[in-house]
Amino acid sequence: MKSTKIYLSIFFILIGIGSAFAQDGVDKYVQADRARKAKKYDIALQLYQDAIKLEPTASRYYYDMGLCYRAMGDIDNAIKSFEKAASLKTDYAEAYKTLAVIYEKAKKDYMQAAYYYKKAAEYDTDPKTKLESINRVIAIMNANQKFDSIPALLEQAKKLDPTNGDIMYMEIRNLNKLGQYEAAIEKSKFMLANFAKYKGRNEAGQMATLKPPRDLDRFNYEIGYAYNKQAKFDSSLIFLKKADFGKFKKRVSVLLPRYQYEIALAYFDIFNYDKAQEAINRALAMDSKYKEPQELAIRITGMKASVKGKQQGIKLLEDSVKINKDEKKRADVYCRLCKLQFETFDFEGAALSANECLKFFPERLQVTLWKAIAQYRTGKFNEAAADLQNVTESEDLNADLKARFAFALGIIMKEAAKSPQGDPASQNFFAMENFKIALKSNRYMHAARLEMEGVPGFDKILAEEELQEMGGGAMMEE
(Lines give C-alpha, C1' and ligand atoms only; values in the text may rest on other atoms or scores of the structure.)
Protein backbone atom coordinates (compact mmCIF):
# COMPACT_ATOMS: atom_id res chain seq x y z
CA MET A 1 0.00 0.00 0.00
CA LYS A 2 2.83 2.35 0.91
CA SER A 3 4.63 1.62 -2.38
CA THR A 4 1.39 2.29 -4.30
CA LYS A 5 1.17 5.75 -2.73
CA ILE A 6 4.78 6.45 -3.70
CA TYR A 7 4.11 5.44 -7.32
CA LEU A 8 1.01 7.61 -7.44
CA SER A 9 2.98 10.59 -6.09
CA ILE A 10 5.68 10.14 -8.74
CA PHE A 11 2.97 9.83 -11.41
CA PHE A 12 1.31 13.10 -10.41
CA ILE A 13 4.68 14.90 -10.23
CA LEU A 14 5.50 13.74 -13.77
CA ILE A 15 2.09 14.94 -14.98
CA GLY A 16 2.81 18.36 -13.42
CA ILE A 17 6.21 18.58 -15.08
CA GLY A 18 4.71 17.58 -18.43
CA SER A 19 2.01 20.19 -17.98
CA ALA A 20 4.64 22.86 -17.23
CA PHE A 21 6.54 22.05 -20.42
CA ALA A 22 3.30 22.10 -22.36
CA GLN A 23 2.79 25.70 -21.21
CA ASP A 24 6.36 26.72 -22.20
CA GLY A 25 6.56 28.49 -25.59
CA VAL A 26 10.16 27.48 -26.35
CA ASP A 27 9.15 24.55 -28.52
CA LYS A 28 6.84 26.74 -30.62
CA TYR A 29 9.51 29.44 -30.80
CA VAL A 30 12.16 27.00 -32.06
CA GLN A 31 9.77 25.70 -34.74
CA ALA A 32 8.90 29.29 -35.71
CA ASP A 33 12.56 30.24 -36.01
CA ARG A 34 13.25 27.27 -38.30
CA ALA A 35 10.25 28.14 -40.47
CA ARG A 36 11.34 31.80 -40.74
CA LYS A 37 14.87 30.87 -41.77
CA ALA A 38 13.36 28.52 -44.36
CA LYS A 39 11.30 31.54 -45.60
CA LYS A 40 8.02 29.85 -44.67
CA TYR A 41 6.82 33.11 -43.20
CA ASP A 42 3.09 32.41 -42.80
CA ILE A 43 3.82 29.22 -40.85
CA ALA A 44 6.51 30.99 -38.80
CA LEU A 45 4.18 33.85 -37.94
CA GLN A 46 1.49 31.51 -36.60
CA LEU A 47 4.07 29.63 -34.52
CA TYR A 48 5.48 32.88 -33.07
CA GLN A 49 1.95 33.90 -32.10
CA ASP A 50 1.39 30.48 -30.48
CA ALA A 51 4.66 30.86 -28.55
CA ILE A 52 3.66 34.35 -27.37
CA LYS A 53 0.29 33.05 -26.12
CA LEU A 54 2.20 30.61 -23.93
CA GLU A 55 4.84 33.15 -22.85
CA PRO A 56 3.45 36.67 -23.35
CA THR A 57 6.42 38.38 -21.67
CA ALA A 58 9.15 36.74 -23.78
CA SER A 59 10.75 39.73 -25.50
CA ARG A 60 12.80 37.56 -27.90
CA TYR A 61 9.65 36.02 -29.34
CA TYR A 62 8.33 39.48 -30.25
CA TYR A 63 11.69 40.50 -31.70
CA ASP A 64 11.94 37.48 -34.00
CA MET A 65 8.29 37.83 -34.96
CA GLY A 66 9.23 41.37 -36.01
CA LEU A 67 11.98 39.94 -38.23
CA CYS A 68 9.35 37.71 -39.81
CA TYR A 69 6.97 40.61 -40.47
CA ARG A 70 9.83 42.63 -41.97
CA ALA A 71 10.80 39.78 -44.28
CA MET A 72 7.16 39.66 -45.42
CA GLY A 73 7.26 43.39 -46.18
CA ASP A 74 4.82 44.25 -43.38
CA ILE A 75 6.87 47.09 -41.91
CA ASP A 76 4.15 48.50 -39.65
CA ASN A 77 3.60 45.20 -37.84
CA ALA A 78 7.35 44.67 -37.71
CA ILE A 79 7.70 48.00 -35.89
CA LYS A 80 4.93 47.07 -33.44
CA SER A 81 6.67 43.77 -32.68
CA PHE A 82 10.10 45.37 -32.13
CA GLU A 83 8.57 48.10 -29.95
CA LYS A 84 6.78 45.47 -27.88
CA ALA A 85 10.06 43.56 -27.47
CA ALA A 86 11.77 46.76 -26.26
CA SER A 87 8.92 47.54 -23.85
CA LEU A 88 9.32 44.09 -22.25
CA LYS A 89 13.12 44.41 -22.10
CA THR A 90 13.99 48.10 -21.74
CA ASP A 91 17.73 47.55 -22.30
CA TYR A 92 17.16 45.61 -25.56
CA ALA A 93 19.86 47.32 -27.66
CA GLU A 94 19.33 44.99 -30.62
CA ALA A 95 15.63 45.88 -30.85
CA TYR A 96 16.38 49.61 -30.68
CA LYS A 97 19.03 49.29 -33.40
CA THR A 98 16.67 47.38 -35.69
CA LEU A 99 13.93 49.98 -35.14
CA ALA A 100 16.43 52.73 -35.94
CA VAL A 101 17.42 51.10 -39.23
CA ILE A 102 13.78 50.59 -40.24
CA TYR A 103 12.85 54.19 -39.50
CA GLU A 104 15.90 55.43 -41.40
CA LYS A 105 15.75 53.14 -44.42
CA ALA A 106 12.10 52.16 -44.84
CA LYS A 107 10.15 54.99 -43.23
CA LYS A 108 12.59 57.84 -43.97
CA ASP A 109 11.65 59.21 -40.55
CA TYR A 110 15.13 60.36 -39.62
CA MET A 111 14.45 61.94 -36.25
CA GLN A 112 12.65 58.82 -35.02
CA ALA A 113 15.61 56.80 -36.32
CA ALA A 114 17.98 59.05 -34.36
CA TYR A 115 15.90 58.48 -31.22
CA TYR A 116 16.27 54.71 -31.51
CA TYR A 117 19.96 54.87 -32.44
CA LYS A 118 20.48 56.84 -29.21
CA LYS A 119 18.58 54.19 -27.25
CA ALA A 120 20.66 51.45 -28.87
CA ALA A 121 23.89 53.27 -27.97
CA GLU A 122 22.70 53.78 -24.39
CA TYR A 123 22.31 50.05 -23.73
CA ASP A 124 24.84 48.52 -26.12
CA THR A 125 27.77 46.89 -24.27
CA ASP A 126 29.86 46.35 -27.42
CA PRO A 127 32.03 49.49 -28.02
CA LYS A 128 32.16 48.86 -31.78
CA THR A 129 28.41 48.67 -32.39
CA LYS A 130 27.79 51.38 -29.80
CA LEU A 131 30.04 53.69 -31.84
CA GLU A 132 28.20 52.73 -35.04
CA SER A 133 24.91 53.87 -33.48
CA ILE A 134 26.38 57.16 -32.26
CA ASN A 135 27.85 57.80 -35.71
CA ARG A 136 24.43 57.29 -37.31
CA VAL A 137 22.91 59.83 -34.92
CA ILE A 138 25.67 62.29 -35.90
CA ALA A 139 25.03 61.63 -39.59
CA ILE A 140 21.27 62.18 -39.19
CA MET A 141 21.71 65.37 -37.17
CA ASN A 142 24.18 66.68 -39.73
CA ALA A 143 21.87 65.84 -42.65
CA ASN A 144 18.96 67.57 -40.92
CA GLN A 145 21.09 70.61 -40.07
CA LYS A 146 20.82 70.16 -36.31
CA PHE A 147 24.46 71.07 -35.85
CA ASP A 148 24.16 72.28 -32.24
CA SER A 149 23.28 68.77 -31.05
CA ILE A 150 26.38 67.17 -32.58
CA PRO A 151 29.31 68.25 -30.29
CA ALA A 152 28.07 66.20 -27.30
CA LEU A 153 27.69 63.13 -29.54
CA LEU A 154 31.20 63.63 -30.92
CA GLU A 155 32.61 63.65 -27.37
CA GLN A 156 30.93 60.28 -26.72
CA ALA A 157 32.36 58.92 -29.96
CA LYS A 158 35.90 60.15 -29.22
CA LYS A 159 35.85 58.46 -25.81
CA LEU A 160 35.05 55.16 -27.51
CA ASP A 161 37.70 55.56 -30.22
CA PRO A 162 40.10 58.48 -29.61
CA THR A 163 42.31 57.79 -32.67
CA ASN A 164 39.48 57.59 -35.18
CA GLY A 165 40.18 60.07 -37.99
CA ASP A 166 36.61 59.79 -39.31
CA ILE A 167 35.29 61.14 -36.02
CA MET A 168 37.84 63.95 -36.09
CA TYR A 169 36.71 64.85 -39.59
CA MET A 170 33.06 64.95 -38.53
CA GLU A 171 34.03 67.30 -35.70
CA ILE A 172 35.84 69.63 -38.13
CA ARG A 173 32.97 69.55 -40.59
CA ASN A 174 30.53 70.43 -37.83
CA LEU A 175 32.69 73.34 -36.71
CA ASN A 176 32.44 74.74 -40.23
CA LYS A 177 28.68 74.24 -40.24
CA LEU A 178 28.47 76.16 -36.97
CA GLY A 179 30.53 79.00 -38.46
CA GLN A 180 33.51 78.33 -36.18
CA TYR A 181 35.94 78.64 -39.07
CA GLU A 182 39.16 79.35 -37.14
CA ALA A 183 38.65 76.27 -34.97
CA ALA A 184 37.95 74.17 -38.08
CA ILE A 185 41.14 75.41 -39.75
CA GLU A 186 43.23 74.76 -36.63
CA LYS A 187 41.94 71.19 -36.15
CA SER A 188 42.27 70.40 -39.88
CA LYS A 189 45.90 71.56 -39.92
CA PHE A 190 46.54 69.45 -36.83
CA MET A 191 45.13 66.40 -38.62
CA LEU A 192 47.25 67.08 -41.71
CA ALA A 193 50.35 67.22 -39.51
CA ASN A 194 49.48 64.16 -37.40
CA PHE A 195 47.49 61.95 -39.79
CA ALA A 196 49.76 58.90 -39.23
CA LYS A 197 48.50 58.64 -35.63
CA TYR A 198 44.90 58.22 -36.77
CA LYS A 199 42.90 55.58 -38.59
CA GLY A 200 39.81 55.70 -40.77
CA ARG A 201 37.57 53.52 -42.89
CA ASN A 202 39.21 52.73 -46.22
CA GLU A 203 37.58 51.97 -49.58
CA ALA A 204 37.13 48.34 -48.55
CA GLY A 205 35.24 49.46 -45.45
CA GLN A 206 38.03 48.42 -43.09
CA MET A 207 39.73 50.58 -40.47
CA ALA A 208 43.32 51.43 -41.44
CA THR A 209 45.92 54.14 -40.77
CA LEU A 210 45.22 57.35 -42.69
CA LYS A 211 47.30 57.70 -45.83
CA PRO A 212 47.85 60.60 -48.25
CA PRO A 213 46.43 61.78 -50.54
CA ARG A 214 43.08 59.96 -50.37
CA ASP A 215 42.56 60.36 -46.63
CA LEU A 216 43.75 63.97 -46.51
CA ASP A 217 41.60 65.56 -49.24
CA ARG A 218 38.71 66.05 -46.83
CA PHE A 219 40.84 68.03 -44.36
CA ASN A 220 42.22 70.20 -47.17
CA TYR A 221 38.66 70.77 -48.35
CA GLU A 222 37.45 71.87 -44.91
CA ILE A 223 40.31 74.39 -44.65
CA GLY A 224 39.48 75.69 -48.12
CA TYR A 225 35.80 75.89 -47.18
CA ALA A 226 36.55 77.83 -43.98
CA TYR A 227 38.78 80.33 -45.76
CA ASN A 228 36.14 80.75 -48.47
CA LYS A 229 33.48 81.60 -45.90
CA GLN A 230 35.88 84.12 -44.38
CA ALA A 231 36.29 85.67 -47.87
CA LYS A 232 40.01 84.76 -47.83
CA PHE A 233 39.78 83.49 -51.39
CA ASP A 234 43.49 83.25 -52.20
CA SER A 235 44.13 81.08 -49.14
CA SER A 236 41.00 79.07 -49.89
CA LEU A 237 42.14 78.25 -53.42
CA ILE A 238 45.48 76.84 -52.19
CA PHE A 239 43.74 74.16 -50.14
CA LEU A 240 40.82 73.55 -52.48
CA LYS A 241 43.26 72.62 -55.26
CA LYS A 242 44.65 69.88 -52.99
CA ALA A 243 41.14 68.46 -52.52
CA ASP A 244 39.98 68.81 -56.13
CA PHE A 245 39.66 65.12 -57.01
CA GLY A 246 37.48 62.09 -56.29
CA LYS A 247 34.28 62.66 -54.38
CA PHE A 248 35.37 66.14 -53.29
CA LYS A 249 35.65 67.46 -56.84
CA LYS A 250 31.97 68.37 -56.94
CA ARG A 251 32.10 70.08 -53.56
CA VAL A 252 35.19 72.05 -54.52
CA SER A 253 33.58 73.28 -57.76
CA VAL A 254 30.81 75.03 -55.79
CA LEU A 255 33.41 77.21 -54.03
CA LEU A 256 35.17 78.36 -57.21
CA PRO A 257 34.50 81.55 -59.27
CA ARG A 258 33.61 79.42 -62.29
CA TYR A 259 30.56 78.08 -60.45
CA GLN A 260 29.22 81.60 -59.89
CA TYR A 261 29.90 82.54 -63.51
CA GLU A 262 27.93 79.52 -64.76
CA ILE A 263 25.01 80.52 -62.51
CA ALA A 264 25.20 84.03 -64.00
CA LEU A 265 25.04 82.59 -67.53
CA ALA A 266 21.95 80.52 -66.71
CA TYR A 267 20.04 83.53 -65.38
CA PHE A 268 21.27 85.68 -68.28
CA ASP A 269 19.79 83.13 -70.71
CA ILE A 270 16.32 83.60 -69.22
CA PHE A 271 16.72 87.40 -68.99
CA ASN A 272 16.94 87.62 -65.21
CA TYR A 273 19.73 90.19 -65.29
CA ASP A 274 19.52 91.08 -61.59
CA LYS A 275 20.26 87.50 -60.47
CA ALA A 276 22.91 87.21 -63.18
CA GLN A 277 24.62 90.34 -61.86
CA GLU A 278 24.53 89.03 -58.28
CA ALA A 279 26.35 85.87 -59.37
CA ILE A 280 28.85 87.94 -61.40
CA ASN A 281 29.60 90.02 -58.31
CA ARG A 282 30.29 86.86 -56.28
CA ALA A 283 32.60 85.51 -59.00
CA LEU A 284 34.56 88.76 -59.21
CA ALA A 285 34.84 88.96 -55.41
CA MET A 286 36.71 85.65 -55.59
CA ASP A 287 38.80 86.60 -58.62
CA SER A 288 38.76 90.25 -59.67
CA LYS A 289 40.70 89.44 -62.87
CA TYR A 290 38.28 86.79 -64.09
CA LYS A 291 37.62 87.88 -67.68
CA GLU A 292 34.37 86.07 -68.61
CA PRO A 293 32.16 87.48 -65.81
CA GLN A 294 33.60 90.94 -66.50
CA GLU A 295 32.51 90.66 -70.15
CA LEU A 296 29.04 89.40 -69.15
CA ALA A 297 28.66 92.36 -66.77
CA ILE A 298 29.51 94.74 -69.61
CA ARG A 299 26.83 93.11 -71.80
CA ILE A 300 24.20 93.52 -69.08
CA THR A 301 25.19 97.15 -68.49
CA GLY A 302 25.07 97.84 -72.23
CA MET A 303 21.61 96.31 -72.58
CA LYS A 304 20.27 98.44 -69.75
CA ALA A 305 21.98 101.60 -71.04
CA SER A 306 20.60 101.27 -74.58
CA VAL A 307 16.94 101.45 -73.58
CA LYS A 308 16.47 105.01 -74.95
CA GLY A 309 17.85 104.09 -78.38
CA LYS A 310 15.70 100.96 -78.53
CA GLN A 311 12.59 102.96 -77.71
CA GLN A 312 13.15 104.91 -80.93
CA GLY A 313 13.34 101.59 -82.78
CA ILE A 314 10.09 100.51 -81.14
CA LYS A 315 8.35 103.66 -82.46
CA LEU A 316 9.51 102.90 -86.01
CA LEU A 317 8.34 99.27 -85.79
CA GLU A 318 4.96 100.31 -84.38
CA ASP A 319 4.51 102.68 -87.33
CA SER A 320 5.52 99.86 -89.71
CA VAL A 321 2.86 97.57 -88.24
CA LYS A 322 0.17 100.20 -88.84
CA ILE A 323 0.94 100.73 -92.52
CA ASN A 324 1.92 97.17 -93.52
CA LYS A 325 -1.02 95.41 -95.23
CA ASP A 326 0.69 92.00 -95.66
CA GLU A 327 -0.29 89.99 -92.56
CA LYS A 328 2.76 87.70 -92.68
CA LYS A 329 5.15 90.65 -92.98
CA ARG A 330 3.31 92.39 -90.16
CA ALA A 331 3.80 89.26 -88.04
CA ASP A 332 7.54 89.37 -88.76
CA VAL A 333 7.63 93.01 -87.65
CA TYR A 334 5.80 92.00 -84.48
CA CYS A 335 8.57 89.46 -83.79
CA ARG A 336 11.21 92.20 -83.94
CA LEU A 337 8.99 94.54 -81.95
CA CYS A 338 8.55 91.89 -79.23
CA LYS A 339 12.34 91.63 -78.84
CA LEU A 340 12.81 95.39 -78.39
CA GLN A 341 9.84 95.70 -76.04
CA PHE A 342 11.19 92.83 -73.98
CA GLU A 343 14.67 94.38 -73.81
CA THR A 344 13.20 97.72 -72.69
CA PHE A 345 11.19 95.94 -69.97
CA ASP A 346 7.79 96.66 -71.57
CA PHE A 347 6.55 93.18 -70.72
CA GLU A 348 2.86 93.75 -71.42
CA GLY A 349 3.67 95.11 -74.88
CA ALA A 350 6.14 92.26 -75.50
CA ALA A 351 3.51 89.62 -74.66
CA LEU A 352 0.97 91.20 -77.05
CA SER A 353 3.52 91.48 -79.87
CA ALA A 354 4.62 87.87 -79.28
CA ASN A 355 1.02 86.70 -79.74
CA GLU A 356 0.80 88.42 -83.12
CA CYS A 357 4.17 87.03 -84.20
CA LEU A 358 3.42 83.45 -83.19
CA LYS A 359 0.18 83.35 -85.18
CA PHE A 360 2.29 83.05 -88.32
CA PHE A 361 5.61 81.82 -86.87
CA PRO A 362 4.83 79.32 -84.07
CA GLU A 363 8.23 77.67 -84.62
CA ARG A 364 10.08 80.77 -83.34
CA LEU A 365 10.94 79.38 -79.91
CA GLN A 366 12.87 82.45 -78.82
CA VAL A 367 9.68 84.51 -79.17
CA THR A 368 7.79 81.89 -77.14
CA LEU A 369 10.37 82.28 -74.39
CA TRP A 370 10.10 86.09 -74.49
CA LYS A 371 6.34 85.80 -74.29
CA ALA A 372 6.44 83.39 -71.32
CA ILE A 373 8.96 85.49 -69.39
CA ALA A 374 6.96 88.65 -70.15
CA GLN A 375 3.77 87.01 -68.84
CA TYR A 376 5.66 85.78 -65.77
CA ARG A 377 6.94 89.31 -65.08
CA THR A 378 3.37 90.64 -65.22
CA GLY A 379 2.06 87.98 -62.81
CA LYS A 380 0.36 85.79 -65.42
CA PHE A 381 1.97 82.60 -64.15
CA ASN A 382 -0.51 80.08 -65.53
CA GLU A 383 -0.38 81.52 -69.05
CA ALA A 384 3.43 81.62 -68.96
CA ALA A 385 3.64 78.04 -67.69
CA ALA A 386 1.20 76.75 -70.32
CA ASP A 387 3.24 78.23 -73.18
CA LEU A 388 6.52 76.79 -71.92
CA GLN A 389 4.96 73.43 -71.06
CA ASN A 390 3.89 72.96 -74.65
CA VAL A 391 7.42 73.68 -75.86
CA THR A 392 9.25 71.47 -73.34
CA GLU A 393 7.05 68.51 -74.27
CA SER A 394 8.07 68.79 -77.93
CA GLU A 395 10.20 65.89 -79.15
CA ASP A 396 11.90 68.15 -81.72
CA LEU A 397 13.59 70.28 -79.06
CA ASN A 398 17.34 69.70 -78.66
CA ALA A 399 18.76 68.95 -75.21
CA ASP A 400 20.20 72.42 -74.53
CA LEU A 401 17.03 74.26 -75.50
CA LYS A 402 14.92 71.80 -73.53
CA ALA A 403 17.08 72.45 -70.46
CA ARG A 404 16.82 76.22 -70.95
CA PHE A 405 13.03 76.16 -71.27
CA ALA A 406 12.70 73.71 -68.37
CA PHE A 407 14.84 75.95 -66.16
CA ALA A 408 12.63 78.95 -66.98
CA LEU A 409 9.47 76.87 -66.45
CA GLY A 410 10.75 75.62 -63.09
CA ILE A 411 11.24 79.20 -61.87
CA ILE A 412 7.78 80.22 -63.11
CA MET A 413 6.13 77.24 -61.38
CA LYS A 414 8.05 77.94 -58.18
CA GLU A 415 6.87 81.56 -58.14
CA ALA A 416 3.33 80.56 -59.12
CA ALA A 417 3.16 78.30 -56.05
CA LYS A 418 3.78 81.35 -53.84
CA SER A 419 1.02 83.46 -55.40
CA PRO A 420 -2.39 83.89 -53.68
CA GLN A 421 -4.04 81.88 -56.47
CA GLY A 422 -1.31 79.25 -56.47
CA ASP A 423 -1.58 75.50 -56.01
CA PRO A 424 1.62 74.90 -53.97
CA ALA A 425 1.60 71.09 -53.96
CA SER A 426 1.09 70.71 -57.70
CA GLN A 427 3.19 73.66 -58.84
CA ASN A 428 6.13 72.87 -56.57
CA PHE A 429 6.06 69.31 -57.88
CA PHE A 430 6.21 70.49 -61.49
CA ALA A 431 8.91 73.01 -60.58
CA MET A 432 11.06 70.18 -59.23
CA GLU A 433 10.42 68.01 -62.29
CA ASN A 434 11.55 70.80 -64.61
CA PHE A 435 14.61 71.62 -62.53
CA LYS A 436 15.55 67.94 -62.77
CA ILE A 437 15.50 68.27 -66.57
CA ALA A 438 17.71 71.37 -66.33
CA LEU A 439 20.13 69.47 -64.08
CA LYS A 440 21.09 67.32 -67.08
CA SER A 441 22.62 70.34 -68.81
CA ASN A 442 26.11 71.57 -67.88
CA ARG A 443 24.99 75.14 -68.52
CA TYR A 444 21.96 75.10 -66.22
CA MET A 445 22.70 72.42 -63.62
CA HIS A 446 24.20 74.72 -60.96
CA ALA A 447 21.46 77.35 -61.15
CA ALA A 448 18.78 74.64 -61.26
CA ARG A 449 20.20 73.04 -58.14
CA LEU A 450 20.27 76.44 -56.44
CA GLU A 451 16.61 77.03 -57.33
CA MET A 452 15.63 73.54 -56.12
CA GLU A 453 16.93 74.37 -52.66
CA GLY A 454 14.12 76.90 -52.27
CA VAL A 455 11.35 74.43 -53.09
CA PRO A 456 9.52 73.01 -50.02
CA GLY A 457 10.49 69.40 -49.44
CA PHE A 458 13.95 69.71 -50.94
CA ASP A 459 15.45 69.65 -47.45
CA LYS A 460 14.42 65.99 -47.26
CA ILE A 461 16.20 65.23 -50.54
CA LEU A 462 19.30 66.97 -49.19
CA ALA A 463 19.10 64.94 -45.98
CA GLU A 464 18.94 61.68 -47.96
CA GLU A 465 21.94 62.73 -50.09
CA GLU A 466 23.95 63.65 -47.00
CA LEU A 467 23.13 60.35 -45.30
CA GLN A 468 24.04 58.39 -48.40
CA GLU A 469 27.33 60.24 -48.69
CA MET A 470 28.19 59.67 -45.03
CA GLY A 471 27.28 55.98 -45.32
CA GLY A 472 24.19 54.26 -44.01
CA GLY A 473 23.81 50.95 -42.29
CA ALA A 474 22.10 48.35 -44.43
CA MET A 475 19.21 46.42 -42.97
CA MET A 476 20.46 44.24 -40.16
CA GLU A 477 21.14 40.61 -40.87
CA GLU A 478 18.43 38.25 -39.79
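To start, this report covers the structure provided alongside it. (Residues numbered from 1 in each chain as written. Predicted model: local features only at pLDDT ≥ 70, side-chain atom pairs only at ≥ 80, totals over all residues. Heavy atoms only, no water.)

**Thoughts on the overall build of the chain**
This is how the line gets drawn: Segments assigned H or I by DSSP are reported as helices when at least four residues long, segments assigned E as strands when at least two residues long, and all are numbered from the N terminus. We call a residue buried when its accessible area falls under 20% of the maximum for its residue type, exposed when it is over 50%, and partly exposed in between, using a 1.4 Å probe and counting protein chains only. Residue contacts are defined here by distance: any two heavy atoms, one from each residue, within 4.5 Å place the two residues in contact. Only the protein chains shown count as cover for residues, and the accessible areas themselves come from Shrake-Rupley with a 1.4 Å probe. Counted charges follow a simple rule, with Lys and Arg positive, Asp and Glu negative, and His plus the chain ends left uncounted. Positions of charges follow a simple convention, taking NZ of Lys, CZ of Arg, CG of Asp or CD of Glu.
Scanning the chain from terminus to terminus reveals 26 helices and two strands. Projected onto the principal axes, the alpha-carbon positions of the chain cover approximately 135 × 55 × 35 Å. The buried share of the chain, taken over its 478 residues, is 46%. Counting contacts in the chain only where the partners sit at least 6 residues apart, residues at least 24 apart contribute 56% of the total. Carbon and sulfur atoms provide 54% of the accessible area of the chain, an area that totals close to 25300 Å². Mean positive and mean negative side-chain charge positions of the chain (75 and 66 charges, respectively) differ by 2 Å.

**Things to note about the state of the cysteines**
To be explicit about the condition: The disulfide criterion is simple: two cysteine sulfur atoms within 2.5 Å.
With the rule as written, the count across this model stands at one disulfide. For Cys 335, the disulfide goes to Cys 357, at an S-S distance of 1.7 Å. Residues Cys 335 and Cys 357 share a disulfide whose torsion about the S-S bond is about 70°; that sign makes it right-handed. With a gap of 22 residues between them, Cys 335 in helix α19 (residues 327-343) and Cys 357 in helix α20 (residues 347-360) connect regions that are remote in the sequence. The residues Cys 335 and Cys 357 share a single accessibility class, namely buried. Cys 338 carries a free sulfur, and the closest cysteine sulfur to it, the one in Cys 357, is 6.9 Å from it.

**Focus: the nonpolar core**
The criterion, for reference: By nonpolar core is meant a set of buried Ala, Val, Leu, Ile, Met, Phe, Trp, Tyr and Cys residues that side-chain atoms within 4.5 Å join together.
Counting residues in each nonpolar core, the largest one holds 70 residues, and the members touching the most others are Tyr 267, Leu 296, Phe 342, Val 367, Leu 388, Phe 407 and Phe 435. Beyond its immediate sequence surroundings of up to four residues, Phe 435 is in contact with Phe 407, Gly 410, Ile 411, Lys 414, Ala 448, Glu 451, Met 452 and Val 455. Counting residues in hydrophobic clusters, the runner-up holds 56 residues, among them Ala 58, Ala 86, Leu 99 and Ile 140.

**Considerations on the packing of helix α8 (residues 127-143) against helix α10 (residues 165-177)**
Quick reminder of the rule: All axes are obtained by fitting lines to C-alpha atoms, using only the stretch in contact for helices, and the reported angles, taken between N-to-C directions, cover 0 to 180 degrees. Note that the term roughly parallel is reserved for angles under 35 degrees, roughly antiparallel for angles over 145, roughly perpendicular for angles of 65 to 115, and oblique for everything else. Left-handed is the label given to a crossing in which the near helix is rotated counterclockwise from the far helix by less than a right angle, and right-handed is the label when the rotation is clockwise. For this scheme, ten residues count as nonpolar: Ala, Val, Leu, Ile, Met, Phe, Trp, Tyr, Cys and Pro. Four count as charged, namely Asp, Glu, Lys and Arg, and the remainder, Gly too, count as polar.
Packing of α8 against α10 leaves a shortest axis separation of 12 Å and a crossing angle of 20°. Considered as vectors, α8 and α10 are oriented roughly parallel to each other. Crossing of α8 against α10: the hand is left-handed. Listed contacts from α10 to Leu 131, Asn 135, Ile 138 and Asn 142 of α8 are Ile 167, Met 170, Arg 173 and Lys 177. Each residue belonging to the contact of α8 with α10 can be placed in one class, and the counts come to four nonpolar, two polar and two charged.

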